[in-house]
There are 6 protein chains.
Amino acid sequence: MRSDGRQFRDLRAFAVTLHPNKYAEGSVLIEAGNTKVLCTASVEERVPPFLKGQGKGWVTAEYSMLPRATHTRNQREAVKGKLTGRTMEIQRLIGRALRSVVNLHALGERTITLDCDVLQADGGTRTTSITGAYIALALAIHKLAGTNAFDKYPLTDFLASISVGVIQEQPVVDLNYEEDSKAKVDMNVVMTGAGAFVEVQGTGEEAPFTRTELDEMLSLAEEAIQKLIQLQKDTLGAAGERIGRGKA
Amino acid sequence: MRSDGRQFRDLRAFAVTLHPNKYAEGSVLIEAGNTKVLCTASVEERVPPFLKGQGKGWVTAEYSMLPRATHTRNQREAVKGKLTGRTMEIQRLIGRALRSVVNLHALGERTITLDCDVLQADGGTRTTSITGAYIALALAIHKLAGTNAFDKYPLTDFLASISVGVIQEQPVVDLNYEEDSKAKVDMNVVMTGAGAFVEVQGTGEEAPFTRTELDEMLSLAEEAIQKLIQLQKDTLGAAGERIGRGKA
Amino acid sequence: MRSDGRQFRDLRAFAVTLHPNKYAEGSVLIEAGNTKVLCTASVEERVPPFLKGQGKGWVTAEYSMLPRATHTRNQREAVKGKLTGRTMEIQRLIGRALRSVVNLHALGERTITLDCDVLQADGGTRTTSITGAYIALALAIHKLAGTNAFDKYPLTDFLASISVGVIQEQPVVDLNYEEDSKAKVDMNVVMTGAGAFVEVQGTGEEAPFTRTELDEMLSLAEEAIQKLIQLQKDTLGAAGERIGRGKA
Amino acid sequence: MRSDGRQFRDLRAFAVTLHPNKYAEGSVLIEAGNTKVLCTASVEERVPPFLKGQGKGWVTAEYSMLPRATHTRNQREAVKGKLTGRTMEIQRLIGRALRSVVNLHALGERTITLDCDVLQADGGTRTTSITGAYIALALAIHKLAGTNAFDKYPLTDFLASISVGVIQEQPVVDLNYEEDSKAKVDMNVVMTGAGAFVEVQGTGEEAPFTRTELDEMLSLAEEAIQKLIQLQKDTLGAAGERIGRGKA
Amino acid sequence: MRSDGRQFRDLRAFAVTLHPNKYAEGSVLIEAGNTKVLCTASVEERVPPFLKGQGKGWVTAEYSMLPRATHTRNQREAVKGKLTGRTMEIQRLIGRALRSVVNLHALGERTITLDCDVLQADGGTRTTSITGAYIALALAIHKLAGTNAFDKYPLTDFLASISVGVIQEQPVVDLNYEEDSKAKVDMNVVMTGAGAFVEVQGTGEEAPFTRTELDEMLSLAEEAIQKLIQLQKDTLGAAGERIGRGKA
Amino acid sequence: MRSDGRQFRDLRAFAVTLHPNKYAEGSVLIEAGNTKVLCTASVEERVPPFLKGQGKGWVTAEYSMLPRATHTRNQREAVKGKLTGRTMEIQRLIGRALRSVVNLHALGERTITLDCDVLQADGGTRTTSITGAYIALALAIHKLAGTNAFDKYPLTDFLASISVGVIQEQPVVDLNYEEDSKAKVDMNVVMTGAGAFVEVQGTGEEAPFTRTELDEMLSLAEEAIQKLIQLQKDTLGAAGERIGRGKA
């Protein structure tokens, strides 16, 4: 039994509020227990310089924590004058993961930026950001599709993410902050609706882990991610119907 | 009549949600129409270098807009690597205004940082930040008082702020974004519960304004701010009872 | 009586030296007591990106203090690697104030940059910068007019600025550094030749101020600014004759 | 058969030159085919602020590519004024991996910084940096041990790293740059001498991967890393004898 | 004959105004033709970290040009966010040159910072800065000496600097901007009152120069610098009398 | 006799390894005693903005030391976020020196960047960089010439550099780090194959130097540089044959 009463394969309570922002083309407030992330999708009809004239679009992400998202206040990165390595690593991960289910040619010469702003953090902010940003992205693409922007539907599959770890020899899923800080292994997994892996990032800084532990963590993640993808389908409803239909 | 149906002396709907953040010593979500600002107060038991050893505390503020708080997406200041002049100006204003009703000696050698993060912007973000940050500050000081941190109660008065302007020769109060962009004068006023002025900042970049217009705007602001201070009193309830009692 | 013998409505000695710089299109050394500011106007035949192709010009300002303009040496902002909030606030104010009396369409697609470099500071550097920069701007526009650059004369009015404050319950005008540091209220006022307000910025960080004090300060400022505008007219002579004639 | 004639489980030619730098406490030039990384270990008798007074040491890494390490010249990060996200991600990985086999309490209050400077890049620079930096670290610790700096030997195990990927459905090990750019999956694995995992980072940006492909890649990595650890043992000789003996 | 009527060994008109700044411990406005540099010496009773506790002082310099010191406006370094290479090179040169005639032990644990701000530039700004900064430094040391700050007088000699160059095969001294831009060689020389060299910096980017040309330029510089040192002696009067007397 | 057994006019052992980098258009590893510099020449078919459309090319240099090139580790400039003054000064010197022997019109609209990365430093890194970078530049130009890129051969002469100094009244050549730190004068000289001076930079921060000392140092430098140019000729062989033939 875990400190908050969950079994090792239980997810925390996940809640998704659609359209919390009245300007963004897609927006979602996603909550995983006490972790709360505001995700907005912004569409711009231009691409970064390295993609100009290639008939392709781009999907990218930015991640930030409000200064008091955590137990003690952190200095703003805007005040430091630069992004931390942790932030860069996370936003590169989110962008890469989302692009794996977008047909950039079908998207056309436009950029969708997913902003993931953590209002409150209690573990799993990067995986929750991916799961929430996917919904905001799907909403924005659904909205664009309503203007006949696409020949092929650019979203090729669903996508969600979860953390897994090993605490006192027991693999567990969806760690909160307290669990995270005592886990010997910390792994983040991103998978598609079809059940394929997009990212597997496991770190055993405190103690290395065995192949058996790795296998058990992957199985826990697979099970949890399929639940989250079902949640995404339920939440999106009609806005998710065309996902995967335009696949090459 | 104004575009949203208000009379020239009407405030937008103001809503205050207490404690949206479970870690901060004080926190508030304040809404003025479609403008939404999350304000947190963080207490740290240390002071900036320039105050060390003087037996005084410090109150300071930081202000930021989420990238998609506005109609189109803005680049993050953390990505630009520096704060814009507008941000610096606003956060200096918020901090200065709040300090005018804090007895820094009574506060003792601690710092309270007010973070004002604009989730959605529809005009009046700086004045709404001041009004909301005051409540977060009052909550944090009330909480500290519960630990017998103070001899004298450090909050000497209530404090709120509103914008006023002149649109087509008519002074109006609490402008939304659409009104703000067509106003010839833009003025922000901060006042105390006792009805004294703390800040008066009026700008006639588009067209200069007369002494009469200035007087009318000040009167509109006075009336509006007393309504906001009543809202603060109602919202704070018992947490606001000792405000002003420790005044020297 | 004030520490330097002035009455509360007296200005310090103001002196203006024209053309201290042989390269700038307009330049002025302005002295207000011991405050000395070198103001240059530089004309460039291009506009910032946000104005391209609109047939309008731009007027902007930069402000800086030499490191030893003050009692003790300050670190250069170029060494810090960024402008302070104070500098940004001041240069935004100067630019905004000057633009209020420039018809940017009449100016045409060119930029005039006013550099205000404080050689020595004894209070009132921002208001003195505005008053001096206006003269440098007028000289540059007069020079451009000599090349038939304009259909309409772009300067629509005179413009000057002064500080006012409250010291020991007495409103006073044009505070020097020593007075400034003991004033409970600090206000900067910018007005046009026609007697309209362009900027009113009053701050009561040390103690809030009453409506009566505000009114008295505004009256002192009005009187002082009209004296400064007369000084500008006398100094500019023929170079100021067409000011206001091209007004729409 | 691969473009350079290797079988899918073959490593490139690895070469290690000890002591290329006469000042560093440990140094190595490691070559993996055309990839060449200069690794130096620098010992300093102090720890970062967050570790002060805890009786523990620190091991950290920095990574950089010379501007012409690659086919075309890249701008220096010192000229850009900041580290790229890629660099930050890599140096965080190297440091974290190395710390997993160091007993920081046994190390005592000192910092060892591993600088990994890529002189020439042909794929696998981050994994080669880890494998080489480990040897430089081992040399520095061996040297410190010669001065009786330790009660317990701080290195608890060997550690090496390799890349694996999937090219045209075939899992392969130790990809060069050309292979890397056409692989659909890119995975980096770090393991200890005891055969446990320290880091597993797999990315399927181009195409997601199956559990079977993941398993095959992990097996290839395990085999390759054991070969590299043997190379480390042979290279270090007597300098590696005490590794693992001080384990708690 | 040169474009401004001078012979090849003639200096421009040099003028020195003492005490233009009322706060600085020493200050000078130096003019060499149309080149005008404001030099202030600021004394602080502390030393940089690398000198702490050594019983020695420090002399350092900063150099900057006002944006419109030149024919066309230059962007401020504070706006760029960093010093240019040219500025760094010049201020390192000024500091190094001045330190060569200061006995840092005799100075005691204090820092003197020489700020050289170019108000108007017409060639020779770095050499004029050195010659002027020396006088400001001498004034500050003389003032300190009046408070019995020293056992030994810290200034060991006079020091001045001039530029020389080769224009159309003719070595000339003290080049103005127009001459500077057509010279094939550009050399700056710093010498002491005793006639020894402190800095010799010659650059033949446009065309290399011969040993003979080098010798002639050095002789021109020697002659000119002795004139400038005489000017320094005349200007300083009694304030320069103890210079060189405290030499070890 | 010097500490390493050399006579005052003896160079250290110089060694040049051609083509250490397989991507660069020209590359050299140059060693002067224990000083080791990797020099690469990168050709790009574009010019900096200030040269666009002038039919001229550009040659520029960047210089950097690896963090552990020296006795103790130095912080990376990329981590500091800016180049030091020393680095800027050195890379400006290298670029300027190389351009003095390149006919930029003959080079055509392309840029050659010389990267000088110091792997190990034992005095003379800037002069060794110049001597080595020249060879890398010559290799790159020779390679371009093989593609008939030029009408005229752009290299107009050979070029090398050496340091000289005065130790205990004795002028000496090619100082190592230990000598450098006890020399009273430090001078760097750059000369062409024809025996003309390109740069002479002498600094007597510790003690000024006489004209006689200057003359002796220049003579030592002349002799040493001719030896280095002979080394360049021997090393380049056929790749150096056309140097100087295209001179106007």
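Going along each chain's sequence as written, the residues are numbered from 1 onward. Chain labels run from A onward and ligand labels from 1 onward, assigned in the order the entries are written. For a predicted model such as this one, the threshold for reporting local features is a pLDDT of at least 70, and the threshold for listing and counting side-chain atom pairs is 80 or more; totals across whole chains, interfaces and linings nevertheless cover every residue. Note: side-chain values were computed over all heavy atoms of the structure, leaving out hydrogens and water.

With that out of the way, let us pick up the UniProt feature "binding site: phosphate" (unreviewed entry) in chain A. All names here are of chain A. Residues given the UniProt feature "binding site: phosphate" (unreviewed entry) here are Arg86, Gly124, Thr125 and Arg126. Spatially, the listed residues are clustered: although they cover 41 residues, their C-alpha atoms lie within 13.6 Å of one another. With respect to the helices and strands, the residue Arg86 is situated in helix H2 (residues 85–99). Pairing of N or O atoms within 3.5 Å defines a polar contact, subject to two protein rules: one partner must be a possible hydrogen donor and the other a possible acceptor, and residues neighboring in sequence count only if both atoms are side-chain atoms. Within polar-contact distance, the side chain of Arg86 engages the side chain of Tyr63 at 3.2 Å. Positionally, Thr125 belongs in helix H4 (residues 125–145). UniProt positions are given in the numbering used here, feature names are shortened, and annotations may be inferred rather than shown by experiment. Secondary structure elements are taken from DSSP: a helix is a run of H or I of four residues or more, a strand is a run of E of two residues or more, and numbering for both begins at the N terminus.

We now examine the interface of chain B and chain A. By definition in these notes, contact holds between two residues if any of their heavy atoms fall within 4.5 Å. With 37 residues of chain B in contact, the opposing surface of chain A contributes 37 residues. When chain B packs against chain A, close to 2900 Å² is buried across both sides, 48% of that on carbon and sulfur atoms. Using a 1.4 Å probe, buried area is obtained as the accessible area two parts lose upon being combined, added over both of them. Counting the surface chain B buries against chain A, the share from its top three residues, Tyr23(B), Arg68(B) and Arg73(B), is 28%. Within this document, salt bridges are pairs made up of a side-chain nitrogen of Lys or Arg and a carboxyl oxygen of Asp or Glu, the two lying within 4 Å of each other. Seen at the junction of chain B and chain A, the total is 12 salt bridges. With a closest N to O distance of 2.6 Å, Arg73(B) and Asp115(A) form a salt bridge. Counting across the interface, chain B meets chain A through 22 residue pairs in polar contact (both at pLDDT 80 or more). Counting residues per element, the ones that place at least two in the side of chain B that touches chain A are strand E3 (35–44), strand E4 (58–65), helix H1 (77–80) and strand E5 (111–120) of chain B.

Turning our eyes to something else, we now look at the sheet that holds strand E9 (residues 197–203) of chain E. When DSSP finds two or more bridges between two strands, those strands count as paired. Strand order in the open sheet formed by 8 strands is E7(E)-E6(E)-E8(E)-E9(E)-E9(F)-E8(F)-E6(F)-E7(F), with antiparallel pairing between adjacent strands. Two strands in the sheet have a free side with no partner beyond their single neighbour: strand E7 (170–173) of chain E together with strand E7 (170–173) of chain F. Ignoring which end each strand starts from, the neighbouring axes of this sheet average 20° apart. With 5 bridges joining them, E9(E) and strand E9 (residues 197–203) of chain F adopt antiparallel strand pairing. Paired with Gln201(E) across the two strands is Gln201(F), which belongs to E9(F). The axes are straight lines fitted to the C-alpha atoms, using for helices just the contacting stretch, and the angles between their N-to-C directions are given from 0 to 180°. Across the sheet, helix H4 (residues 125–145) of chain E is in contact with strand E6 (159–167) and strand E8 (185–192) of chain E; its angle to E6(E) comes to roughly 165°. Helix H6 (residues 211–236) of chain F contacts E9 of chain E together with strand E6 (159–167), E7, strand E8 (185–192) and E9 of chain F of the sheet and is inclined by roughly 145° relative to E6(F).

This part covers helix H2 (residues 85–99) of chain D. If you check H2(D), its first and last C-alpha atoms are 21 Å apart, about what 15 residues at 1.5 Å a residue would give, namely 21 Å. For every residue, the accessible area (1.4 Å probe, protein chains only) is compared with the maximum for its type, and the residue is labelled buried under 20%, exposed over 50%, or partly exposed between those bounds. By the criterion of burial, H2(D) is predominantly enclosed, with 13 of the 15 residues buried. Under the convention used throughout, the expected extent of a helix is 1.5 Å for every residue step, that is, one less than its residue count.

Further remarks concern the UniProt feature "domain: Exoribonuclease phosphorolytic" (unreviewed entry) in chain A. Under the present numbering, the feature "domain: Exoribonuclease phosphorolytic" (unreviewed entry) in UniProt falls on residues 11–140 and 158–223 of chain A. A distance of 27 Å separates the end C-alpha atoms of residues 11–140 of chain A, which is 30% helix and 31% strand.

Moving on to the arrangement of the chains. At the C-alpha level, the nearest point of chain C lies 11 Å from chain D, with no contact between them. A gap remains between chain A and chain E, which never touch, and the nearest two C-alpha atoms on either side lie 12 Å apart.

We place the copies in one frame by least squares, fitting the C-alpha atoms of every residue whose pLDDT is at least 70 in both. For the pair chain B and chain A, the best superposition has an RMSD of 0.0 Å and corresponds to a rotation of 180° with a translation of 0.0 Å parallel to the axis. Read as a symmetry element, the transformation amounts to a two-fold axis. Judged by C-alpha distance, Ala78(B) is the residue of chain B that lies nearest the rotation axis, at 1.8 Å. Interface overlap between copies is the fraction of interface residues in one copy that are interface residues in the other; for chain B against chain A it reaches 100%, indicating a shared surface.

Two aromatic rings are characterised by how far apart their centres lie and by the angle between their planes. Pairs were defined over the aromatic rings of Phe, Tyr and Trp, the Trp ring being its six-membered one, requiring ring centres within 6.5 Å. Orientation was assigned from the angle between planes: stacked under 30 degrees, edge-to-face over 60, tilted for the rest. Here the structure, examined in full by the defined rule, presents 24 aromatic pairs over all chains. Judged by centre distance (6.5 Å) and plane angle (80°), the rings of Phe150(A) and Tyr153(A) are edge-to-face. For Tyr153(A), a relative accessible area of 3% gives the class buried. Geometrically, the ring pair formed by Phe50(F) and Trp58(F) is edge-to-face, given 5.1 Å between the ring centres and 90° between the ring planes. Should the NZ of a Lys or the CZ of an Arg lie within 6 Å of a ring centre and within 35 degrees of the ring normal, that charge is described as sitting over the ring. Note that Lys233(A) overlies the ring of Phe158(A), its terminal NZ or CZ placed 5.2 Å from the centroid.

This part covers the sheet that holds strand E5 (residues 111–120) of chain E. All names here are of chain E. One open sheet holds the 5 strands; their spatial order is E1-E2-E3-E5-E4, and the pairing between them is mixed. The sheet is open, and its two borders are formed by strand E1 (14–18) and strand E4 (58–65), each paired with just one other strand. Between one strand axis and the next, the sheet turns through 20° on average, direction left out of account. Pairing geometry for strand E2 (residues 26–32) and strand E3 (residues 35–44), over 7 bridges, is antiparallel. Pairing of Glu31 across the sheet is with Lys36, part of E3. Each of E4 and E5 is contacted by helix H2 (residues 85–99), which is oriented at about 145° to E4, the strand it contacts most.

With that out of the way, let us pick up the packing of helix H6 (residues 211–236) of chain E against H6(F). Two quantities define a packed helix pair, namely the angle between the helix axes and the distance between the axes. Where H6(E) meets H6(F), the closest approach of the two axes is 13 Å, and the angle between their N-to-C directions is 160°. Judged on the interaxial angle alone, H6(F) and H6(E) are roughly antiparallel. When you trace H6(E) past H6(F), the crossing you get is right-handed. Contact residues: H6(E) offers Arg211(E), Leu214(E), Asp215(E), Leu218(E), Ser219(E) and Glu222(E), while H6(F) offers Arg211(F), Leu214(F), Asp215(F), Leu218(F), Ser219(F) and Glu222(F). Geometric relationships in this document are graded by angle, where less than 35 degrees denotes roughly parallel, more than 145 denotes roughly antiparallel, 65 to 115 denotes roughly perpendicular, and other angles denote oblique. We call a crossing left-handed when the near helix sits turned anticlockwise from the far one by less than a right angle, and right-handed when that turn is clockwise.

This part covers the pattern of salt bridges. Evaluation of the coordinates by the stated rule reveals 130 salt bridges over all chains. Note that Arg76(A) is salt-bridged to Asp117(B), the shortest N-O span being 2.9 Å. Linking Arg76(A) in the loop between strand E4 (58–65) and helix H1 (77–80) with Asp117(B) in strand E5, this pair reaches from one chain into another. Salt-bridge contacts for Asp174(C) lead to Arg6(C); the nearest nitrogen and oxygen are separated by 3.7 Å.

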